[in-house]
Amino acid sequence: MSNARQYRKSKFNTFTKIWSLLYLVALLVFVTSMLVLDVIPSKILLLAFVVLLIISGVFFVQLFKDNIKRSRKVIAFILSLILMIVYTVGTAYAFATHEFLGQVTAKKKAEDAVDVTSKPFNIYISGMDTTGKITDEARSDVNMIITVNPKTHKILMTSIPRDYLVELQNGEKDKLTHTGLMGINETTSDVEDLLGIKINYYVKVNYNTLKDLVNSIGGITINSDKAFISYIGRYQFVKGENELDGAKALAYARERRAYSDGDNHRVRNQQEVLKAIVNKLTGSTTLLTRYNKILKYLAPTMEMNLTRAELKALVKFHLGKHPNWEFESNSLEGFDAFSPVYSSGNQRLYVMKPDEASIKKARQKIKEIQNPKSKNNSDKDLESESNDDDNL
């Protein structure tokens, strides 16, 4: 073998040895990032690590030893390069997620926190009517209780009209939307009293959250039950399927003038928008391909009192169980009226006075999701009442 050829072989072997060490470093960083992120179920993570360890051992031997054929070293280099790209992207995703969760989650557990992977819980969604900082207090334009049962894989969305008349913690009456100006704790406490439930967690969002999220996932598809032109933005909606960007989705979620039942219909639109977002995120590759963009837009426009560990547990639960979530919807109803409220002094404002039958129905539906056995008991009670009526 000529000296030149021997020199080239020596240089190539030196390169592959250095590359094999860089590969091991990339693998170690990737494994560390996955352990820190802690959202992948343990069995899946262990299996993946074992497979990667075996593959990496083979690559290391092929790249590090001098007596391996050049062709085999080249193949090992190409395959290891592909895996290094995967490691780099995976590490970037992991650290971006960890940082995002640190920005939007709480530092300590909520007072009424539960094990979100095994116990039913209620999350209050408060949509503020502002485009400013999420920490600013504003009127709560969207008010929705998300009741989740991780065992039955059922989710109930209960919407409350923004002008619903509620009793404040000081005993006065005011619109639900105005409680947002008094802080999220006032809002959740008033709704707990209204429905006789415990709200375990809350999530605060604003107009920017919805617009930016929908834009970041490439838009959503909703099904409108009528054609109309929105009073916000003057967007045209057709009866049937509509492809919406962020601005149109916000206009659709806020529309009430186009409907005879106004606010009651608006809360149903809000539920439809939320379901469309969830379906887009969980039913396609959107979450994977637009991940960094989604996190970038959400971080400054979202606040919650779930901890980072609780949110990670929910993600791990979803990845491990792959539950087929079943959605149900309900809305509180009421009667149009004009009345003075606490925040307006003696000025009479439009309010929606609660319909007690509607409140009773909402309580029962939430109870049925949290405790499925209560539905059977409720059905028995109704049957018993019917039999008693027949005997009269």
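Structure: above.
Residues numbered from 1 in each chain as written. Predicted model: local features only at pLDDT ≥ 70, side-chain atom pairs only at ≥ 80, totals over all residues. Heavy atoms only, no water.

Trainee: Help me out: how do you make sense of the overall build of the chain in this one?
Mentor: On a plain count of helices and strands, the chain comes out with 12 helices and 14 strands. Relative to the 2.2 N^0.38 estimate, which gives 21 Å for 392 residues, the radius of gyration of the chain is 27 Å and therefore markedly larger than a compact globule would have. Structurally, the chain occupies a C-alpha span of about 105 × 55 × 40 Å along its principal axes. Counting the 392 residues in the chain, one finds 45% classified as buried. At a minimum sequence separation of 6, the contacts of the chain that also span at least 24 residues come to 66%. Computing the positive centroid from 53 side-chain charges and the negative centroid from 43, the chain places the two 16 Å apart. (Helix = DSSP H or I, 4+ residues; strand = E, 2+ residues; numbered from the N terminus. Rg over C-alpha atoms; globule rule 2.2 N^0.38 Å. Buried < 20%, exposed > 50% of the residue type's maximum accessible area, 1.4 Å probe, protein only. Contact = heavy atoms within 4.5 Å. Lys, Arg positive; Asp, Glu negative; His and termini not counted. Charge placed at Lys NZ, Arg CZ, Asp CG, Glu CD.)

Trainee: Explain the layout of surface pockets here, please?
Mentor: Empty pockets left among the atoms are what a rolling probe the size of a water molecule brings to light. Taken as a whole, the second largest pocket encloses approximately 290 Å³ of empty space. If you go around the second largest pocket, you meet 14 residues; those closest to its centre are Asp112, Asn185, Thr188, Ile199 and Asn305. With five residues, the single largest contributor to the lining of the second largest pocket is helix H4 (residues 184-195). Broken down by class, the residue content of the lining of the second largest pocket amounts to five nonpolar, five polar and four charged. (1 Å grid on protein atoms, 1.4 Å probe; cavity = no way out; pocket = protein on both sides within 12 Å on 5 of 7 lines; lining within 4 Å. Points joined across faces, edges and corners; volume = space filled by probe spheres on them. Nonpolar A, V, L, I, M, F, W, Y, C, P; charged D, E, K, R; others polar.)

Trainee: How should the environment of Asp38 be read in this particular structure?
Mentor: Mapped onto the fold, Asp38 is located in the loop between helix H1 (3-37) and helix H2 (42-64). Judged by relative accessible area, which is 37%, Asp38 ranks as partly exposed. Not counting residues within four places of it along the chain, the set of residues in contact with Asp38 comprises Lys312 and Lys316. There is a polar contact of 2.8 Å between the side chain of Asp38 and the side chain of Lys316. (Polar contact = N/O pair within 3.5 Å; in protein donor to acceptor, adjacent residues only side chain to side chain.)

Trainee: When you look at a nonpolar patch on the surface in this model, what are you seeing that I'm missing?
Mentor: Taken together, the side chains of Val74, Ile75, Ile78, Leu79, Ile82 and Val86 make up a nonpolar region of the molecular surface, amounting to roughly 490 Å² of accessible area. Inspection of the secondary structure puts Ile78 in helix H3 (residues 70-104). A relative accessible area of 44% places Ile78 in the partly exposed class. (Patch = residues over 30% accessible without salt bridge, like charges linked within 9 Å, V, L, I, M, F, W, Y side chains within 5 Å. Areas by Shrake-Rupley, 256 points an atom, 1.4 Å probe, with all protein chains shown as cover. Salt bridge = Lys/Arg side-chain N within 4 Å of Asp/Glu carboxyl O.)

Trainee: Would you explain the sheet that holds strand E11 (residues 302-304) in this entry?
Mentor: Strand-to-strand pairing in sheets goes through backbone hydrogen bonds, with the strands running parallel or antiparallel. The mixed open sheet is built from six strands, whose spatial order is E11-E6-E1-E2-E3-E12. Edge positions in the sheet fall to E11 and strand E12 (326-331), since each has one partner strand and no second. Taken pair by pair, the neighbouring strands of this sheet meet at an average axis angle of 20°, ignoring direction. By the bridge criterion, three bridges tie strand E6 (residues 201-206) to E11 in an arrangement that is antiparallel. Pairing of Val203 across the sheet is with Met304, part of E11. (Pairing = 2+ DSSP bridges. Axes fitted to C-alpha atoms, helices over the stretch in contact; angles between N-to-C directions.)

Trainee: For this particular structure, what's the right way to read the nonpolar core?
Mentor: Side chains that are nonpolar tend, in soluble globular proteins, to be buried together. Core analysis: the biggest nonpolar cluster contains 44 residues, and Ile146, Val203, Ile220, Tyr252 and Ile277 have the highest contact counts within it. Ile277 has contacts with Leu210, Leu213, Val214, Ile217 and Ile220, leaving out every residue within four places of it along the chain. Grouped together as the second largest cluster of nonpolar side chains are 20 residues, Ile145, Val166, Leu332 and Met352 included. (Core = buried A, V, L, I, M, F, W, Y, C linked by side-chain atoms within 4.5 Å.)

Trainee: Just to check I follow, could you spell out the pairing of strand E2 (residues 140-149) for this structure?
Mentor: Looking along a regular strand, one sees the side chains alternate between the two faces of the sheet. Burial runs high along E2: 10 of the 10 residues are buried. The pairing of strand E1 (residues 121-128) with E2 spans eight bridges and is antiparallel. Bridging from a neighbouring strand, Phe121 pairs with Val148 of E2. Where E2 and strand E3 (residues 154-159) come together, six bridges link them in antiparallel fashion. Bridging from a neighbouring strand, Met144 pairs with Ser159 of E3.

Trainee: Please clarify how unusual backbone geometry should be interpreted in this entry.
Mentor: Negative phi characterises most residues that are not glycine, and trans characterises most peptide bonds. Positioned with a positive phi, Asp38 is a non-glycine residue whose angle comes to about 55°. Despite not being glycine, His153 shows a phi value in the positive range, around 60°. For His153, the position within the fold is in the loop between E2 and E3.

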